[in-house]
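Given next are the chains, with one letter for each unit.
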Amino acid sequence: MNLKKHQPLLEVLVISILGYLIHKLFFFLNKSNANFQNFHFSIEIIYGFFFICSVFIILILIRVKEKNIDSVGHTFLLVTCIKIAVSYTVLGPILHSGNFNVSIEKMNFFVIFALFLTIETVVTIRILNDKR
């Protein structure tokens, strides 16, 4: 495995772990607050889902870059739209749950989604700026 070629995957892993640890610390500090308990999905599941999505997106973008760098931007937009649709499908049970803390859980989901979207965007920009 070419480390330089797959460096974006390592970046996604490191930033994901840092984001997870900060998020987990926030939940640990608020463990006595009932609003931060009894979520439909744990943050581990949500982070795992978005991490897997990000890895697939980055792998697709690396492969597209090898074939035609001009298509990387369009491919990024397409796979991001697919990710949004899948994320909305995953979010469905949260939207229809009867929990009293649904708004906090939705915000939690959106924050993680936004974090990974930012990571993917930055990595895509780096892929596009790489002139190899």
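Structure: above.
We now turn to the structure provided with this report.

How each quantity is defined
- Residues numbered from 1 in each chain as written.
- Predicted model: local features only at pLDDT ≥ 70, side-chain atom pairs only at ≥ 80, totals over all residues.
- Heavy atoms only, no water.
- Helix = DSSP H or I, 4+ residues; strand = E, 2+ residues; numbered from the N terminus.
- Buried < 20%, exposed > 50% of the residue type's maximum accessible area, 1.4 Å probe, protein only.
- Contact = heavy atoms within 4.5 Å.
- Areas by Shrake-Rupley, 256 points an atom, 1.4 Å probe, with all protein chains shown as cover.
- Expected span 1.5 Å × (residues − 1).
- Phe/Tyr/Trp six-rings, centres within 6.5 Å; stacked < 30°, edge-to-face > 60°.
- Patch = residues over 30% accessible without salt bridge, like charges linked within 9 Å, V, L, I, M, F, W, Y side chains within 5 Å.
- Salt bridge = Lys/Arg side-chain N within 4 Å of Asp/Glu carboxyl O.
- Core = buried A, V, L, I, M, F, W, Y, C linked by side-chain atoms within 4.5 Å.

## Structural notes on the overall build of the chain
Reasoning step 1: The helix and strand tally for the chain stands at 4 helices and 0 strands.
Reasoning step 2: A burial count over the chain gives 36% of its 132 residues as buried.
Reasoning step 3: Looking at the chain alone, contacts between residues at least 24 apart form 77% of all its contacts between residues at least 6 apart.
Reasoning step 4: If you sum the accessible surface of the chain, you get close to 8,100 Å²; carbon and sulfur atoms cover 71% of it.

## A short note on helix H4 (residues 102–129)
Reasoning step 1: Between its first and last C-alpha, H4 extends 40 Å over 28 residues, near the 40 Å set by a 1.5 Å rise per residue.
Reasoning step 2: Here H4 has its buried residues at Val102, Glu105, Asn108, Phe109, Ile112, Phe113, Phe116, Ile119, Glu120, Val123, Thr124 and Ile127.
Reasoning step 3: For H4, the elements touching its buried residues are helix H1 (7–29), helix H2 (43–67) and helix H3 (72–95).

## Structural notes on the packing of aromatic side chains
Geometrically, a pair of aromatic rings is defined through the distance of the ring centres and the angle of the planes.
Reasoning step 1: Summed over all chains, the structure comprises 6 aromatic pairs.
Reasoning step 2: Taking the centre distance of 5.0 Å and the plane angle of 65° together, the rings of Phe49 and Phe50 count as edge-to-face.
Reasoning step 3: A relative accessible area of 21% means that Phe49 is categorised as partly exposed.
Reasoning step 4: Taking the relative accessible area as the measure of exposure, Phe50 reaches 0% and is therefore buried.
Reasoning step 5: Ring plane angle 25° and centroid distance 6.1 Å describe the contact between Phe50 and Phe116, whose orientation is recorded as stacked. One end of the pair, Phe50, is in helix H2; the other, Phe116, is in helix H4, and 66 residues separate them in sequence.
Reasoning step 6: What links up through ring pairs into an aromatic cluster is the set Tyr20, Tyr47, Phe49, Phe50, Phe109, Phe113 and Phe116.

## Let's talk about H2
Reasoning step 1: The first and last C-alpha atoms of H2 sit 36 Å apart over 25 residues, in line with the 36 Å expected at 1.5 Å per residue.
Reasoning step 2: Buried residues of H2: Ile43, Ile46, Tyr47, Phe50, Cys53, Ser54, Ile57, Ile58, Leu61, Ile62, Val64 and Lys65, and no others.
Reasoning step 3: Buried residues along H2 sit in contact with H1, H3 and H4.

## Side note on a nonpolar patch on the surface
Reasoning step 1: A grouping of Leu10, Leu13, Val14, Ile17, Leu18 and Leu21 is seen on the molecular surface, where their side chains present a nonpolar patch of about 510 Å² in accessible area.
Reasoning step 2: With respect to the helices and strands, Leu18 occurs in helix H1.

## Considerations on the nonpolar core
Reasoning step 1: Counting residues in each nonpolar core, the largest one holds 26 residues, and the members touching the most others are Phe50, Ile58 and Leu61.
Reasoning step 2: Secondary structure elements with two or more residues in this core: H1, H2, H3 and H4.
Reasoning step 3: In terms of residue count, H2 provides more of this core than any other element does, 9 residues in total.
Reasoning step 4: In this structure Phe50 touches Lys83, Ser87, Phe109, Ile112, Phe113 and Phe116, once residues within four positions along its chain are discounted.

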